[in-house]
Amino acid sequence: MDNSPPPPSALNNFRILYLVTQLVGITIIILVSCWIGIHLNGLGWSSRPSIQFNWHPLLMSVGMIFLYGNSILIYRGFRYARKKPLKITHATIHGAAFIFTVVALVAVFDSHNLAKPNPIPNMYTLHSWYVFGFAAYLFPGVREQLRATYMPVHVFFGVAGFVMAIAAALLGLLEKAIFSVPNYSALPPQAVLINTIGLLYIVYGGLVVFLVTERQYKRHPLPEDVMLLTHSASVGSS
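- Looking at an unreviewed UniProt entry, the protein carries the name Cytochrome b561 domain-containing protein, with the source organism given as Anopheles maculatus.
- UniProt, in its Cofactor (unreviewed entry) section for the protein, records the words "heme b".
- Note on the protein: under the UniProt heading Subcellular location (unreviewed entry), the record states "Membrane".

Considering the overall build of the protein
Now for step 1: The helix and strand tally for the protein stands at nine helices and zero strands.
Now for step 2: By residue count, 42% of the 238 residues in the protein fall in the buried class.
Now for step 3: The contacts in the protein between residues at least 6 apart in sequence include a share of 75% that link residues at least 24 apart.
Now for step 4: For the protein, the accessible area works out to roughly 13000 Å², and carbon and sulfur atoms hold 71% of it.

Examining the packing of helix α3 (residues 55-77) against helix α8 (residues 189-213)
Now for step 1: Here α3 crosses α8 at 20 degrees, and the two axes come no closer than 9 Å. Relative to α8, α3 is oriented roughly parallel. The two elements α3 and α8 cross, and the hand of that crossing is left-handed. Residues Ser 61, Ile 65, Phe 66, Gly 69, Asn 70, Ile 72, Leu 73 and Arg 76 of α3 touch α8, and the partners they reach there are Tyr 201, Tyr 204, Val 208, Leu 211, Val 212 and Thr 213.
Now for step 2: Taken together, the residues that form the contact of α3 with α8 break down as nine nonpolar, four polar and one charged.

Some words on the nonpolar core
Now for step 1: Counting 48 residues, the largest nonpolar core has Ile 197, Tyr 201 and Tyr 204 as its most contacted members.
Now for step 2: Breaking this core down by element, the ones donating at least two residues are α1 (8-39), α3, α4 (83-113), α7 (151-180) and α8.
Now for step 3: Considering every element that reaches this core, the biggest residue donor is α3, with twelve residues.

Points about the UniProt feature "transmembrane region" (unreviewed entry) in the protein
Now for step 1: Those residues carrying the UniProt feature "transmembrane region" (unreviewed entry) are residues 16-38, 58-78, 90-109, 121-139, 151-171 and 191-212 in this numbering.
Now for step 2: Across residues 16-38, helical content stands at 100% and strand content at 0%; the span's end C-alpha atoms are separated by 32 Å.
Now for step 3: Along residues 58-78, the helical share is 95% and the strand share 0%, with 27 Å between the first and last C-alpha atoms.

A word on a positive patch on the surface
Now for step 1: On the surface, Arg 82, Lys 83, Lys 84 and Lys 87 cluster together into a positively charged patch.
Now for step 2: Note on placement: Lys 83 falls in helix α4.

Some remarks on the environment of Phe 100
Now for step 1: Here Phe 100 shows up in helix α4.
Now for step 2: A relative accessible area of 29% means that Phe 100 is categorised as partly exposed.
Now for step 3: Separated by 37 residues in the primary sequence, Phe 100 and Gly 63 have C-alpha atoms spaced 5.3 Å apart.
Now for step 4: With residues up to four places along the chain from it excluded, the contact list for Phe 100 reads Leu 59, Val 62, Gly 63 and Leu 67.

The rules we used
- Residues numbered from 1 in each chain as written.
- Predicted model: local features only at pLDDT ≥ 70, side-chain atom pairs only at ≥ 80, totals over all residues.
- Heavy atoms only, no water.
- UniProt positions renumbered as here; feature names shortened; annotations may be inferred.
- Helix = DSSP H or I, 4+ residues; strand = E, 2+ residues; numbered from the N terminus.
- Buried < 20%, exposed > 50% of the residue type's maximum accessible area, 1.4 Å probe, protein only.
- Contact = heavy atoms within 4.5 Å.
- Areas by Shrake-Rupley, 256 points an atom, 1.4 Å probe, with all protein chains shown as cover.
- Axes fitted to C-alpha atoms, helices over the stretch in contact; angles between N-to-C directions.
- Parallel < 35°, antiparallel > 145°, perpendicular 65-115°, else oblique.
- Left-handed = near helix turned anticlockwise from the far one by under 90°.
- Nonpolar A, V, L, I, M, F, W, Y, C, P; charged D, E, K, R; others polar.
- Core = buried A, V, L, I, M, F, W, Y, C linked by side-chain atoms within 4.5 Å.
- Patch = residues over 30% accessible without salt bridge, like charges linked within 9 Å, V, L, I, M, F, W, Y side chains within 5 Å.
- Salt bridge = Lys/Arg side-chain N within 4 Å of Asp/Glu carboxyl O.
- Lys, Arg positive; Asp, Glu negative; His and termini not counted.
- Charge placed at Lys NZ, Arg CZ, Asp CG, Glu CD.

In structure tokens, the structure reads:
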């Protein structure tokens, strides 16, 4: 296996693509916020269940898309940082993504159950099945079992979970567009905005997956990491 560091040109390309990825992710959050503020009457909680749902696309975009994508890029994005702080940051971002996801799910259940005059059924769409599959994967206990198996398996399921998150977001956008835009086929401004957000989900997802799987962009251990690993192994065997 080639353990030589990537050439400078590869690192320059990585930095450019990493910056573009962050800009796309931030743009997604801004556009989702504009969609909610302009077309969906803003945000509210259980006292206004008709708009409580609006927390769901916002928090899912922040947690399930932006934060999750950054958590799996953290090792390559900050390749010159020491391994232990990166592991802590990786876990912290995952924890924040999980919290955002839980609050987003509470918002959608409340908005359905408190709807007047009749509650809205839960868990009957493909989008909801995807979201719950992803949430179960993100749950810390499940991920801990994956970590204990083998690192390539952990990486594979991390990327697979992120792809599931993108798929769930696209299904959710389509579902919301069909239910909330009466003349969707005529492409009114709201439909164009929703489609743009969907395209940016795909671009962001593609960039994250490329950056985390391209061999040239792999983070190579720092001397401090090797020393810590050697020291830990010697302590464990003594």
